[in-house]
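# Summary of structural features
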Amino acid sequence: MHRFLYSPIGLLATLVGEAASSFSPVLLMFGFAVVATGPALILSRMIAPKRTSSPVKFLPMESGQVPKEEGRTHFMMQYYSYVLMFVVFDVMSIFLYAWGSSILGLPKAATLPIIAFLGVMFAAFAYALYQAGRKNIW
Amino acid sequence: MSTIAPQFRLSRFVASLFDIIFWVILIFSLVGLPIVFIILFYIKLPVINNQLMTPYLAMTWMADPSETLPIIKNLIHTTFFHVLAFPGFGFAALLAAATIFVERKFLAKIQLRVGPLYCGKVEGILQLMGDGLKLISKEIIIPAKADKPIFWVGPLLFVGTAGAFVSLIPVARGWVVANPAVGLLAVFATIGFFPIISVLTAWAANNKWTFIGGLRALHQMIAFEIPLILSLLSIVIMTGTLNLSQIAESQQHYWWIVFAPISAIVFFICILAELERIPFDLPEAESEIVAGWLTEFSGMMYGLIQLGTYLKLYAFAGLFTVLFLGGWNGPMVWPPFPADIVTQGITIGPITAKIAGLPLFDQDMLNGTLWFVIKTVGVILLILLPRGVFPRIRIDMLLHTGWYKLIGLAFINIFIALGLLYAGVLGPGGLIQ
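Here is what the cut-offs are and how they apply
Residues numbered from 1 in each chain as written. Chains lettered and ligands numbered in written order. Predicted model: local features only at pLDDT ≥ 70, side-chain atom pairs only at ≥ 80, totals over all residues. Heavy atoms only, no water. Domains from an automatic or database assignment. Buried area = accessible area lost by both parts, 1.4 Å probe. Salt bridge = Lys/Arg side-chain N within 4 Å of Asp/Glu carboxyl O. Polar contact = N/O pair within 3.5 Å; in protein donor to acceptor, adjacent residues only side chain to side chain. Helix = DSSP H or I, 4+ residues; strand = E, 2+ residues; numbered from the N terminus. 1 Å grid on protein atoms, 1.4 Å probe; cavity = no way out; pocket = protein on both sides within 12 Å on 5 of 7 lines; lining within 4 Å. Points joined across faces, edges and corners; volume = space filled by probe spheres on them. Nonpolar A, V, L, I, M, F, W, Y, C, P; charged D, E, K, R; others polar.

### Things to note about the domain arrangement of chain B
By a frequent convention, interface size equals the accessible area lost on bringing the separate parts together. Residue and element names in this part refer to chain B. Domains assigned within chain B are domain 1 (97-137) and domain 2 (147-422). Using only C-alpha atoms to locate each centre, domain 1 and domain 2 end up separated by 23 Å. Between domain 1 and domain 2, a total of about 1100 Å² is buried, with carbon and sulfur atoms accounting for 77% of that surface. Considering only the side of domain 1, the residues that lose the most area to domain 2 are Thr99, Glu103 and Leu135, jointly responsible for 46% of the buried surface there. Counting across the interface, domain 1 meets domain 2 through two salt bridges. Where Glu103 meets Arg277, a salt bridge forms, and the shortest distance between an N and an O atom there is 2.4 Å. Viewed at the interface, domain 2 and domain 1 are joined by four residue pairs in polar contact (both at pLDDT 80 or more). Going through the elements one at a time, helix H5 (89-110) and helix H6 (127-136) are the ones with two or more residues in the side of domain 1 that touches domain 2. For the side of domain 1 that touches domain 2, the leading source of residues is H5, giving seven residues.

### Brief notes about empty space enclosed by the protein
Per the counting criterion, the structure on display carries three cavities of 30 Å³ or more. Taken as a whole, the largest cavity holds about 70 Å³ of empty space. What lines the largest cavity is Phe158, Ser198, Met221, Glu274, Leu275, Glu276, Glu284, Trp293, Leu294, Ile305, Thr309 and Lys312 of chain B. Counting residues per element, the lining of the largest cavity draws most heavily on helix H15 (residues 300-324) of chain B, which supplies three residues. Residues of the lining of the largest cavity, tallied by class, amount to six nonpolar, two polar and four charged. Around the second largest cavity, the lining residues are Ser44, Arg45, Ala48, Pro49 and Lys50 of chain A together with Lys138, Glu139 and Ile140 of chain B. Its residues assigned to classes, the lining of the second largest cavity shows three nonpolar, one polar and four charged.

Here it is in structure tokens:
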């Protein structure tokens, strides 16, 4: 009846909420870690000394020199190409997991398209790496 | 000499007492009782000894020690206990704290130093406690132009994310905090948060050193995330599952490091990079950029980041153990409990604890935990070792290692796994079951 409530995993259909609730301990653990260690910061604020403040104390640390300009500066784009490559190939490598986790239930012929996919991926990867290696264009 | 205040009148004092009692009863009945009932409505009460454990029954049992044991045994199987103590935060934090101390002594021994020596009589064993007290009593200084909210939540987010990562690692059969069907993907999703936290806090601190360190952390974790993901694909192909408990279960007879040694090596190198450890500690290179993205953290904020780092170290070492070294599987070395302990309780000299069914954990779980801890500590020591012997590498060498070499190596073991599967060595109906 309510098809949207069920997600097919293999041959068994499970409740979507049930699948999602298996992740709830992860969130609980995240919350517990924050709640258990957060008081340390508050306690530290309570018992730590607060000596007289001088403007030097709150300056950014620059090895004893008075900092010039802002801390949030422009930065080199020299390695930006790797960030761009990550956006594409991270998703691709996760796609391979959909195939890898179900491979025992697939016919052997189903591997051939994946090999072709890997070939396409390798070609694109090699070209992207070649472009990323050309330091003079970045 | 103290005297009763001149305005004091006993009748007013008694009246104020009654006033307080009136308000307490009123608030309790209007707010407290509904809250108790709402909580009781949503909590699933356990059934022990064929009786539904209502709070009333629980208190009755508390008065009788011989009946307390079933309650405790039930309690240690709740999610609350899992998160709080055993496979979760308490256990991991204990191992993390031990790792910090062991690392200092271990590195000192490698480099022919003595390490912490004075705090505590024996080999400076109280050094960690001293460090904790020092950190908590130091002033937290936040730079004037920093983005304060993000700067404050950065360490908390780091510890929380490390805790979420720890929750996915199975320690013994059935002893895992979170056991989703796609546990391995959940691990990837969790470790994907770390570079975001690094870059956010680095940007928030408004310092050039933190900014450079944060960018380095971003590039490094990005460069090593793809080989990390690809190196585990061979395990998934050989087991056909993404659930970490099932992957550990599948290594009863042989470890996956036997069939996927290249994956194991690639994964280990990626662990070193994700943990920002030498030779990949560019984000906090102390001889180049002060302390990298941790430069502006002072006092307990730095302490929390440190705790998070070592929780992450434990989690990665546990993940390596579960995926490649057989997890909790190992020969049964834990002695079986004598029958009279189970039926009658322990009798040691004058002190007797005659409580039936005393061992709270079963033999299988204790043995599994023992093997898991032994293997994990071994992996942790292997992760600590390069810090004593290796120099730091340059950023372009790091990117070259990650993008060119490790990704290629990771693919080799995928094809080896495919070959083993299709040659009929592994998998259903294979030579090795």
